[in-house]
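Breakdown of the fold
This is what each chain is made of:
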Amino acid sequence: MAGLAILPALLGNDDNRILDQQPPPLAPASPSAYSDVMATHDHTLHHGESLNEAARVALLSAGEQWTDMRSTVFKVLTGFEKPASAYDIADAVSKARGKRVAANSVYRILDIFVGANLARRVETANAYIANAHPDCLHDCIFLVCDACGQTTHLDDDILSNGVRDAATKAGFAPVRPVIEVRGTCSDCG
């Protein structure tokens, strides 16, 4: 749990109920709709309370509720310096709330966060990182260091659009391209 910020115990309602609905897709279904969104977006990186507020607004805009449990999971997620597993997040949330929180409850919340663009899933590590600009839609491009685990999220719309265009030309309807580059970061190189 290296890199986890110490969090005070947070009070509030429990959100351990089973969710019957699917999270909204990360990106618009058609490539042209995606391009329309990207052409007019405002790219603002958030930190601290600004990030929490942007996440709350994005989740509400996606038609979801911002509960105390979801707020706690998001705050814990932002405290990790590297991608964190649902089990690590559940452990930290349990400590912050003073009672055990099951990993499957955290998985459901993380799925909602990914669908609403609040978090990104690093597929090869089965881990999650907070999205520092939840009000801005981009495809995932990750640089993952095999030595230390540090993961850098890049935004490159030209590369993402190239992947979407290639998929479309191959007769495939891309929904959410994820690009992960494994290697060694500059600190470990």
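For the structure, check the block above.
Heads up: these notes are all about the structure in this document. (Residues numbered from 1 in each chain as written. Predicted model: local features only at pLDDT ≥ 70, side-chain atom pairs only at ≥ 80, totals over all residues. Heavy atoms only, no water.)

**Quick notes on the packing of helix H3 (residues 68-79) against helix H4 (residues 86-97)**
Under the convention used in this document: Angles here are taken between N-to-C directions and fall from 0 to 180 degrees, while the axes themselves are lines fitted to C-alpha atoms, restricted in helices to the stretch in contact. Secondary structure follows DSSP: runs of H or I at least 4 residues long count as helices, runs of E at least 2 residues long count as strands, and numbering of each begins at the N terminus. Note on terminology: angles under 35 degrees are roughly parallel, angles over 145 are roughly antiparallel, angles of 65 to 115 are roughly perpendicular, and the others are oblique. Handedness of a crossing is defined here by the sense of rotation of the near helix relative to the far one, left-handed for an anticlockwise turn of less than a right angle and right-handed for a clockwise turn. We call two residues contacting when some pair of their heavy atoms lies within 4.5 Å. In this classification, the charged set is Asp, Glu, Lys and Arg, the nonpolar set is Ala, Val, Leu, Ile, Met, Phe, Trp, Tyr, Cys and Pro, and all remaining amino acids, among them Gly, are polar.
Direction vectors running N to C along H3 and H4 enclose 120 degrees, while the axes themselves pass 9 Å from each other. It follows from the interaxial angle that H3 and H4 lie oblique. When you trace H3 past H4, the crossing you get is right-handed. For the pair H3 and H4, contact is made by Asp68, Met69, Thr72, Val73, Val76 and Leu77 and by Ile89, Ala92, Val93, Ala96 and Arg97, respectively. Taken together, the residues of the contact of H3 with H4 sort by class into 8 nonpolar, 1 polar and 2 charged.

**Side note on unusual backbone geometry**
The phi angle at asparagine 117 is positive, at roughly 75 degrees, despite the residue not being glycine. By secondary structure assignment, the location of asparagine 117 is in the loop between helix H5 (103-115) and strand S1 (119-122). In this structure, asparagine 126 is a non-glycine residue whose phi angle is positive, near 50 degrees. If you trace the backbone, asparagine 126 turns up in the loop between S1 and strand S2 (127-130).

**Quick notes on the nonpolar core**
Defined as follows: Buried Ala, Val, Leu, Ile, Met, Phe, Trp, Tyr and Cys residues that are joined via side-chain atoms within 4.5 Å together make up what is termed a nonpolar core. For every residue, the accessible area obtained with a 1.4 Å probe (protein chains only) is divided by the maximum for its type, and the residue is called buried under 20%, exposed over 50%, and partly exposed between those limits.
In terms of nonpolar packing, the biggest core is built from 29 residues, with Val73, Ile89, Leu110, Phe113 and Leu118 touching the most fellow members. At the level of elements, helix H2 (48-61), H3, H4 and H5 are the ones that each hand at least two residues to this core. Element by element, the count of residues in this core is highest for H5, at 7 residues. Ignoring any residue separated from it by four or fewer positions in sequence, one finds isoleucine 89 in contact with Val73, Val76, Leu77, Phe80, Ala84, Val106 and Leu110. Ile129, Cys140, Phe142 and Val144 belong to the second largest nonpolar core, which has 5 residues in total.

**Some remarks on the pairing of strand S4 (residues 151-154)**
Strand residues, when the strand is regular, have side chains that alternate between the two faces of the sheet. Stated formally: A pair of strands is considered paired only if DSSP assigns at least 2 bridges between the two.
Pairing of strand S3 (residues 140-145) with S4 involves 4 bridges; the strand directions are antiparallel. Bridge assignment links valine 144 to a residue of S4, and that residue is threonine 151. Connecting S3 to the next strand, S4, in antiparallel fashion are 5 residues, including glycine 149 with a positive phi near 85 degrees.

**Things to note about H4**
Threshold: Here, expected helix span is obtained from the residue count minus one, scaled by 1.5 Å.
Between its first and last C-alpha, H4 extends 16 Å over 12 residues, near the 16 Å set by a 1.5 Å rise per residue. Burial in H4 covers these residues: Ala86, Ile89, Ala90, Ala92, Val93, Ser94, Ala96 and Arg97. Those residues of H4 that are buried lie in contact with H3 and H5.

**Details of the sheet that holds S3**
The strand order S4-S3-S5 describes an open sheet built from 3 strands, whose pairing is mixed. At either end of the open sheet lies a strand with only one pairing partner, and these are S4 and strand S5 (178-183). Neighbour-to-neighbour, the strand axes of this sheet turn through a mean angle of 20 degrees, independent of strand direction. As paired elements, S3 and S5 share 6 bridges and run parallel to each other.

**As for the packing of aromatic side chains**
Formally: Paired rings are identified among Phe, Tyr and Trp, the last through its six-membered ring, by centres lying within 6.5 Å, and are further divided according to the angle between planes into stacked (under 30 degrees), edge-to-face (over 60) and tilted (the rest).
Within the structure shown, the criterion is met by 4 aromatic pairs. Aromatic side chains tryptophan 66 and phenylalanine 74 sit 6.1 Å apart centroid to centroid with 65 degrees between the ring planes, which places their arrangement in the edge-to-face category. Among the residues examined, phenylalanine 74 registers a relative accessible area of 0% and is labelled buried. Judged by centre distance (6.5 Å) and plane angle (25 degrees), the rings of tryptophan 66 and phenylalanine 113 are stacked. Of this pair, tryptophan 66 sits in the loop between H2 and H3 while phenylalanine 113 sits in helix H5, and the two are 47 residues apart along the sequence. For the residue pair tryptophan 66 and phenylalanine 113, the accessibility class agrees, reading buried in each case. Here the aromatic cluster, defined as three or more aromatic residues joined through ring pairs, consists of Trp66, Phe74 and Phe113.

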